[in-house]
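# Residue-level structural notes
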Amino acid sequence: MIAAHQRIPDAKLLVIDADGSLVTAPRTALVDFLRRGDLVVANDAATLPASLRGVHQPSGAIVEVRLAGWRARDLRDPRHWTAIVFGDGDFRMRTEDRPLPPALDRGDRLQLGPLDAIVTDTLGHPRLVALTLKGSVEHVWAGIARHGRPIQYAHVPQPLALWDAWTPLAGPPVAFEPPSAGFAVDWQLQDTMRNHGIDLVTLTHAAGISSTGDAALDARLPFPEPYVIPSATARAVRRAKLRGGRIVAIGTSVVRALEHAGAPGRVRAGMNVADQRITAATALRVVDMIVSGTHEPGTSHHDLLRAFAGDAAMGAMNATLDAGGFRTHEFGDSVLIARQRVASNAEYSRHSGVDRGMRSAYLVGRAPG
Amino acid sequence: MKSGHHDSLRQRERRDPLRGVRVAITGGTSGLGLALVRELAACGAHVAFVARDGQRVARIAAATGTHGVIGDVARKDDIHPIALQILGRLGGLDILINNASSLGPSPLRPLADTECEDFEVALATNVLGPFRLTRALLGALAASARDGTGAVVLNISSDAAINAYAGWGAYGASKAALHHMTRIWHEELAPSGIDFASVDPGDMDTPLHAQALPDADPATLQQPADAARVVTAVLAQRLTAARNRRRLPVDEGARAAGVVAAVR
């Protein structure tokens, strides 16, 4: 297992400034690239043990069900899901190589450990179904808790425990995969930020799965993702904008939620469903900087980063990640990308640059102050 | 269990802060834990409780309209499934009460005669379990602190955590560790707005007490329901203070005595 203390202790941070220049620093120095008055926003969703093994009753075939989208409006009701179904095998096999499940029809029953599931709909792809887990809310939560495993991929060979998938800020269990940028926000970093006059707030966003291994399905990602923005968070965003502070999103899911709820200078509090795709063509209205893992080109997460940085900056970033031996999985290294200064949103970018002095400190290799 | 309308207006005011608040209690099927489940449910809190015996959990959940979670806080592998069910069913958490306790060797015996395994069970239940569960729930508690609901972790202590009683080695040493851990959490997490308190409810007529001192006269002991009213009043006070960002001392030993006088 990857116990928390085994996560890479020397994680690196690649900083892409608003003018496209690049700096490498230890991730623990994140706060040195922020300024008093900035607001850091993290996703406090805990990760569901969303991988459920079992048997497709009509055929007797072994399947792995990955819960992938909420179908209930109340996120305390864990019975109704959009799910992706794989044939036999497990996370050690690359998702691209996983066999299809048996043909799935409406009304098919699946026995998933202690849970009895029924396919309530097919959704236009042999792997994609709507699924209902039968029984009381209590029975289903207990069944998921005992039988489910965190969704994981072949690049981490050890089986993950649920605690490996929960970030320090994890609260409501609504995410299908860890909002992994949040692994960096431990209690020590929260203290450091507080001491530097940088506020931290959270929202809850049901971060979806990052990859299915199937091009047609991946093209449909991300699925609609419910999120909740507490009113305290909405107020903090408004105050930060008024004082000229930058909004720093910890992870792509925070960008999805804030931009969906966003109007210039503020965000709406409450629950909603993020259903937009954020790409290079998206004009960001709320978020000024993002801390993220190093996502592979072509994924929806990578597309989202392109809303912050143009092709030239992204190309330089990817080259530096390769050359610098950055570890690119969800427990690996991070990037901090400031929204690039371009003519069309110059008015937003006035405040978005990384501090000059600090950048030169790292360029000449001095220890972080 | 006394229901709300028998209480004085002052008592209702004292407890009103708990209405609608999300509370988790470990060891919720006997003794003080069970009394707290009933008392807090009567206050209008949304209560989830944890205990090992599935049938008792189901019976008490049904009888009290609360959420029962089956699990053993002494087992590392149970902690995240427990936390998942608490947070999933309540949608978040404002108050955690680490109440589940192990006596260690039963009947009591000198520390020099205590088996390591019995000591380990006491440490797992009384120290590591509360540490792990608190840690797993800190994110949710911090969110409640930020949104103004307030967040309190209340750890049930004992005078055996402070005073050295012959025969109470495993229990006393583990409760002393819990008490000190509570003090450190209280220091470290004050800036995050999460309040920590250590409460000694006093000697009660509970299964744990009977296990330790089978010959004690129950008539000389507090009833768990009475102790639960005191603990609930303490919780209401602390939650109100937390909402107002007013910091209270971690140790409820002396203060609780004043609350007892007011509640009775």
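In this text the structure is predicted, and so the values were computed from the model without any measurement.

What counts, and where the lines are drawn
- Residues numbered from 1 in each chain as written.
- Chains lettered and ligands numbered in written order.
- Predicted model: local features only at pLDDT ≥ 70, side-chain atom pairs only at ≥ 80, totals over all residues.
- Helix = DSSP H or I, 4+ residues; strand = E, 2+ residues; numbered from the N terminus.
- Expected span 1.5 Å × (residues − 1).
- Buried ≥ 20, exposed ≤ 12 C-beta atoms within 10 Å, placed from the backbone.
- Contact = placed C-beta atoms within 7 Å.
- Nonpolar A, V, L, I, M, F, W, Y, C, P; charged D, E, K, R; others polar.
- Axes fitted to C-alpha atoms, helices over the stretch in contact; angles between N-to-C directions.
- Parallel < 35°, antiparallel > 145°, perpendicular 65-115°, else oblique.
- Left-handed = near helix turned anticlockwise from the far one by under 90°.
- Pairing = 2+ DSSP bridges.
- Right-handed = clockwise from strand over helix to strand, strands pointing away.

The next subject is helix α2 (residues 31-42) of chain B. All names here are of chain B. When the terminal C-alpha atoms of α2 are compared, their 17 Å separation across 12 residues agrees well with the 16 Å that a helix rising 1.5 Å per residue should span. Where burial is concerned, most of α2 is hidden: 11 out of the 12 residues are buried. For α2, the complete set of buried residues consists of Gly31, Leu32, Gly33, Leu34, Ala35, Leu36, Val37, Arg38, Glu39, Leu40 and Ala42. At the C-terminal side of α2, glycine 44 shows a positive phi close to 90°.

Across the contact, 20 residues belong to chain B and 26 residues belong to chain A. Elements with a contribution of two residues or more to the side of chain B that touches chain A: β3 (67-70), α4 (76-90) and α5 (116-146) of chain B. Per-class residue counts for the side of chain B that touches chain A are eight nonpolar, nine polar and three charged.

For the rest of this paragraph, the subject is the environment of valine 41 of chain A. All names here are of chain A. In this structure, valine 41 sits in strand β3 (residues 39-43). For the pair valine 41 and leucine 110, spaced 69 residues apart in sequence, the C-alpha to C-alpha distance is 39 Å. When neighbours within four sequence positions are excluded, valine 41 is seen to be in contact with Val201, Leu203, Thr233, Ile247, Val248, Ala249, Ile250, Val254 and Leu258.

The amide bond that connects leucine 221 of chain A to the next residue, proline 222 of chain A, takes the cis arrangement and shows omega of -10°. Here proline 222 of chain A is to be found in the loop between α4 (215-218) and β13 (225-229). Backbone torsion omega between serine 106 of chain B and proline 107 of chain B reads 0°, so that peptide bond is classified as cis. Unusually for a residue other than glycine, arginine 245 of chain B sits at a positive phi of about 55°. For arginine 245 of chain B, a count of 12 C-beta atoms within 10 Å gives the class exposed.

A word on the packing of α2 of chain B against helix α8 (residues 224-243) of chain B. All names here are of chain B. Here α2 crosses α8 at 60°, and the two axes come no closer than 8 Å. Classified by the angle between their axes, α2 and α8 sit oblique to one another. Like other packed secondary-structure pairs, α2 and α8 cross with a definite hand, here right-handed. From α2, Gly31, Leu32, Ala35, Leu36, Glu39 and Leu40 reach across to α8, where they touch Pro224, Ala225, Ala227, Ala228, Arg229, Val231 and Thr232.

Time to look at the pairing of strand β1 (residues 22-26) of chain B. All names here are of chain B. Of all the five residues making up β1, five are buried; the element is thus mostly covered by neighbouring parts of the structure. Every second residue of β1 is oriented toward a common face, with Arg22, Ala24 and Thr26 on one face and Val23 and Ile25 on the other, all of them buried. Pairing geometry for β1 and strand β2 (residues 46-51), over five bridges, is parallel. If you follow arginine 22 over to β2, its bridge partner there is histidine 46. Between β1 and its parallel partner β2, the chain crosses via α2, and the hand of that crossover is right-handed.

Quick look at the environment of proline 178 of chain A now. Residue and element names in this part refer to chain A. With respect to the helices and strands, the residue proline 178 is situated in the loop between β11 (173-175) and α3 (187-195). Note: C-alpha distance between proline 178 and alanine 165 (13 residues apart in sequence) is 5.6 Å. What proline 178 contacts, discounting residues up to four positions off in sequence, is Thr47, Ala165, Thr167 and Glu330.

As a further point, take the pairing of strand β12 (residues 199-205) of chain A. Residue and element names in this part refer to chain A. With six of seven residues buried, β12 lies mostly within the body of the structure. Both β3 and β12 contribute to a ladder of five bridges, which runs parallel. The residue bridging valine 41 from the neighbouring strand is valine 201, located in β12. Here β12 runs beside β13; their pairing, made up of two bridges, is antiparallel. Across the sheet, threonine 204 pairs through a bridge with valine 228, a residue of β13.

Below, the discussion takes up the packing of α4 of chain B against α5 of chain B. All names here are of chain B. Contact geometry of α4 with α5 gives a least axis separation of 9 Å together with a crossing angle of 30°. The pairing of α4 with α5 is recorded here as roughly parallel in orientation. Judged by the sense of rotation from one axis to the other, the crossing of α4 with α5 is right-handed. On α5, the residues touching Lys76, Ile79, His80, Ile82, Ala83 and Leu87 of α4 are Arg132, Leu133, Ala136, Leu137 and Ala140.

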